[in-house]
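The chain contents come next:
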Amino acid sequence: MSNTVNLKVNRSESKTNTQQWHEINWVKVERIVFKLQKRIYKAETVGDIRTVRKLQNTLTNSWYAKLLAIRIVTQDNRGRKTAGIDGVKSLNDKNRMALALKLKFSNKAKPARRVWIPKPGKTEKRPLGIPVMEDRAKQALLKFALEPQWEARSEPHSYGFRPARSCHDAIKAIYNALSIDKWVLDADIAGCFDNINHQYLLDKVDTTPKFKKQIKAWLKAGTIDWFNKPEVFSKTTQGTPQGGVLSPLLANIALHGLEEHLKDWLWNKRKYRIPEWNATKGKWGTIGQKKTKKTLSIIRYADDFVVIHKDLEIVKEAKVEINEYLKDIGLEMKEAKTQIVNSKKGFKFLGLNIRHFETGSYRSEKNTVGKATGLVRLIQPSKDSILRQYRKIADVIDSLKNASQSVLISKLNPIIRGFSNYHKYYSSTEQLEKLDRLIFRKLLRWAKRRHPNKGMKWVVKKYFFNHNNPKIKWLFGIGSYCIRKHNDTKKERYIQVKGDASIFDGNTAYWGKRVQCHPELSLRQLTLIKRQKGKCAHCDKTFKAEDIWETDRVIPRCKGGKDTYDNLQLLHAHCHDQKSRQDRKEPNTTQKPTVVVS
């Protein structure tokens, strides 16, 4: 027994002795972990629970998975410099390798450190629970195992805290659901992370006893608030700490099933039926169950969700049914943020205002029959988001009253670029122009304050220059280095993710077009597949999940072709063979230099 233990220890120690942190091949690490996650996803989709459990244990015991989990919490995470109760903010390379050796699940956990952060644009604060570094690494490791399993189970219109899904997918789903004017239940769950019933969550996680014990230890660990004297330590009888790596996934697991429950309620309990003329039988009947359920749309992003239906009574009754469903989870809707409105009045969701506007026949959208509805759907930045953006920029300008112009521009441009990139898919031109005018006036006051004894013409000439574009007359800048305009970002049309698609489904051709990085694709392949819009450059057909593609040179190397992006393309394997055969038939026009022998 002792020899076996010593052998394991020696093997573990040999890893640290032969491998340093900076020498790790992270491309290989990510690829191996991702392949195991794909196998878990595939086993879950076919209902092979036994294989799922085995693969999850294999993944959590994997040396590469432990290294990747530690890298995420110590290097990649934005909150990596926030300490837990042990005061550890960062780890050096040697400590990271030592942590990987002892990373193992148990039924114990240290309390989380309570931190209060202000909510954006509000006076109230949000409580966070910051675990210690070791618990964070364990949570990241367990997330690797649980995430692909629940990706296979997740509902198609759940978009928050899921890999390769974003706010824009949720907004696009709402846009598609509002083909005509409908009634909308715009709801928000009160204290979602803080009030989840522990027993309900543990029963729903559906995993091995070892993982359940560790999750229960994290949930029951309690919090320590150094400023809440004399009661520094507080027990946690409900909720999952907002600030942990695993908490978003646990919240999604707790809310999983809401969409399916409401659709079943509509057909079975509510017995909602839509009359339809049956031409074959020559009498009135009702449309089928599948089509009836599609009339009710539930789109959820974390704890914010909307319920959309054309019948007001259905939406009102759905609100009551949702409250009953949330009681078992220990949650309830926040009445102050929950409302039932018509899409003609509009509602706010994820910083955007979604509304039907009345319009003429030229711009009017058409219904399924092809008739003009007299309405048009517009998604615009909400007034609150515009105000928050202006206040954020104004605070930066006020804090840099004595800084140089170039420093101020370097601080403002990333803020403007981020806001513009978020709104580039929507009808935001008019609102962003107003925002730019407000920023121009703020910058003009900043410049005038620096030279109180100079006239306005002198100040404008020094800090602003006349642009060639008539729409942008004056720009704040020095020569070519100037501040960005919110409307400088080119407008694009967002393509919604497929409802049943997952990053773990193995369809690299589909996900290569959507994501910025993929463990199974190189940077060159990602760049080429996006440039070609997922199509083969030879046959112009879309790459499928089972297809094999290869990188080809437009001009072969034997004819002087180089490995530059303008000379590279992705082809099907059989298309690559055809093109290579054609290249060999064509004569080589490049002439080799002649060697003269004297």
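The coordinates are above.
Below, the structure is looked at part by part. (Residues numbered from 1 in each chain as written. Predicted model: local features only at pLDDT ≥ 70, side-chain atom pairs only at ≥ 80, totals over all residues. Heavy atoms only, no water.)

## Focus: the sheet that holds strand β11 (residues 347-349)
Overall, antiparallel pairing links the three strands, which are arranged β11-β12-β13 in an open sheet. In this open sheet, the two strands that pair with only one neighbour each are β11 and β13 (375-381). Within the sheet, the average angular offset between the axes of one strand and its neighbour, ignoring direction, is 30°. Bridge count for strand β12 (residues 352-358) against β13 is seven bridges, and the pairing is antiparallel. Bridging from a neighbouring strand, F357 pairs with V376 of β13. (Pairing = 2+ DSSP bridges. Helix = DSSP H or I, 4+ residues; strand = E, 2+ residues; numbered from the N terminus. Axes fitted to C-alpha atoms, helices over the stretch in contact; angles between N-to-C directions.)

## Things to note about the pattern of salt bridges
What the rule picks out here adds up to 21 salt bridges. The partner of R71 in a salt bridge is E30, with the nearest N and O atoms 2.8 Å apart. Taken together, the residues span a long stretch of sequence, with R71 in helix α4 (residues 63-76) and E30 in helix α2 (residues 26-45) at a distance of 41 residues. What makes R71 buried here is its relative accessible area of 15%. A residue is classified by how much of its surface remains accessible, and E30, at 27% relative accessible area, is partly exposed. Linked through salt bridges whose partners overlap, the residues forming this network are E44, R53, R153 and D206. (Salt bridge = Lys/Arg side-chain N within 4 Å of Asp/Glu carboxyl O. Buried < 20%, exposed > 50% of the residue type's maximum accessible area, 1.4 Å probe, protein only.)

## Side note on a positive patch on the surface
Where like charges cluster on the molecular surface, the positive patch consists of K498, K513, K533 and K535. For K513, a relative accessible area of 35% translates into the label partly exposed. (Patch = residues over 30% accessible without salt bridge, like charges linked within 9 Å, V, L, I, M, F, W, Y side chains within 5 Å. Areas by Shrake-Rupley, 256 points an atom, 1.4 Å probe, with all protein chains shown as cover. Lys, Arg positive; Asp, Glu negative; His and termini not counted. Charge placed at Lys NZ, Arg CZ, Asp CG, Glu CD.)

## Section: the sheet that holds strand β8 (residues 297-301)
In spatial order, the strands read β8-β9-β3-β10; together these four strands make up an open sheet with antiparallel pairing. At either margin of the open sheet sits one strand with a lone partner, and together these are β8 and β10 (339-342). Strand after strand, the sheet turns through a mean of 20° between neighbouring axes, direction not considered. The pairing of strand β3 (residues 183-188) with β10 spans four bridges and is classified as antiparallel. Bridge pairing in β10 links V184 to V341. Against the sheet, helix α13 (residues 312-329) touches β3, β9 (304-309) and β10, its axis set at about 20° to β3. (Contact = heavy atoms within 4.5 Å.)

## Some thoughts on the packing of aromatic side chains
The description of two aromatic rings rests on the distance between their centres and on the angle between their planes. Enumeration over the complete set of coordinates arrives at twelve aromatic pairs. When the centroid spacing of 6.3 Å and the interplanar angle of 80° are considered together, the rings of F161 and F193 count as edge-to-face. Within this pair, whereas F161 is found in the loop between α6 (133-153) and α7 (167-177), its partner F193 is found in the loop between β3 and α8 (198-205), the two being separated by 32 residues in sequence. What makes F161 partly exposed here is its relative accessible area of 41%. (Phe/Tyr/Trp six-rings, centres within 6.5 Å; stacked < 30°, edge-to-face > 60°.)

## Details of the side chain of D188
Tracing the sequence through the fold places D188 in strand β3. In this structure D188 comes out as buried when scored by relative accessible area, which is 9%. Apart from residues lying up to four places away in sequence, D188 is in contact with D303, D304, M333, K334, K337 and T338.

## Re the packing of α8 against helix α10 (residues 247-255)
Put simply, α8 and α10 touch, their axes get as near as 9 Å, and they point 90° apart. Between α8 and α10, the angle falls in the class roughly perpendicular. Mapping the contact onto sequence places Y200, L201, K204 and V205 in α8 and L250, I253, A254 and L255 in α10. A class-by-class count of the residues in the contact of α8 with α10 yields seven nonpolar, no polar and one charged. (Parallel < 35°, antiparallel > 145°, perpendicular 65-115°, else oblique. Nonpolar A, V, L, I, M, F, W, Y, C, P; charged D, E, K, R; others polar.)

## Some thoughts on the pairing of strand β6 (residues 275-278)
In terms of strand pairing, β6 meets strand β7 (residues 283-286) through four bridges, oriented antiparallel. Among the inter-strand pairings, W277 is bridged to a residue of β7, identified as W284. Between β6 and β7, which pair antiparallel and follow one another directly, the connecting turn spans four residues, one of which, G282, has a positive phi of 70°.

## Observations concerning helix α16 (residues 429-450)
The terminal C-alpha atoms of α16, which comprises 22 residues, lie 32 Å apart, in line with the 32 Å expected from a rise of 1.5 Å per residue. Buried residues of α16: Q431, L432, L435, D436, I439, K442, L443, L444, W446 and A447, and no others. (Expected span 1.5 Å × (residues − 1).)

Note that all results are geometric; they support no functional claim without further evidence.
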